[in-house]
Amino acid sequence: MGIFDQFKMAGDLMKNMNPGQIKELMEQAKESQKMLDSQIRKIVEEEIKNRNLISKEEVEKIIENKIKNN
């Protein structure tokens, strides 16, 4: 199913909802997005550790220290 089909289906679903139901659905979507973001962040952090890569924070610290020392 393509993204346009999903938008059409969501639009059709919301036609039959009152504003309160739509608001509740949007809150649920926001919470789902937060959970997804958290899971992705955790997986990325694990991959950085497992592959012995350097994180953005570590790069920023290195740059800050280099600037301070020059």
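In the block above lies the structure referred to throughout.
Attention in this report is confined to the structure presented alongside it. Everything numeric in this text was worked out from a predicted model, so none of it was measured. (Residues numbered from 1 in each chain as written. Predicted model: local features only at pLDDT ≥ 70, side-chain atom pairs only at ≥ 80, totals over all residues. Heavy atoms only, no water.)

For the protein, the count of helices and strands is 3 helices and 0 strands. Beginning at the N terminus, the succession of helices and strands in the protein can be written as α-α-α. Compactness check: the protein gives a C-alpha radius of gyration of 21 Å against a globular reference of 11 Å for 70 residues, more than 25% above the reference. Among the 70 residues that make up the protein, the fraction classed as buried is 1%. For the protein, the computed accessible surface area is about 6,900 Å², with 57% contributed by carbon and sulfur atoms. Each charge class in the protein was averaged separately, 13 positive and 13 negative side chains, and the resulting centres sit 3 Å apart. (Helix = DSSP H or I, 4+ residues; strand = E, 2+ residues; numbered from the N terminus. Rg over C-alpha atoms; globule rule 2.2 N^0.38 Å. Buried < 20%, exposed > 50% of the residue type's maximum accessible area, 1.4 Å probe, protein only. Areas by Shrake-Rupley, 256 points an atom, 1.4 Å probe, with all protein chains shown as cover. Lys, Arg positive; Asp, Glu negative; His and termini not counted. Charge placed at Lys NZ, Arg CZ, Asp CG, Glu CD.)

Note that side chains of opposite charge can pair when their charged atoms are close. In this structure the tally under the stated criterion is 5 salt bridges. Between glutamate 47 and arginine 51 there is a salt bridge, and its shortest N-O distance comes to 2.7 Å. Through salt bridges with shared partners, a single network forms among Lys8, Asp12 and Lys15. (Salt bridge = Lys/Arg side-chain N within 4 Å of Asp/Glu carboxyl O.)

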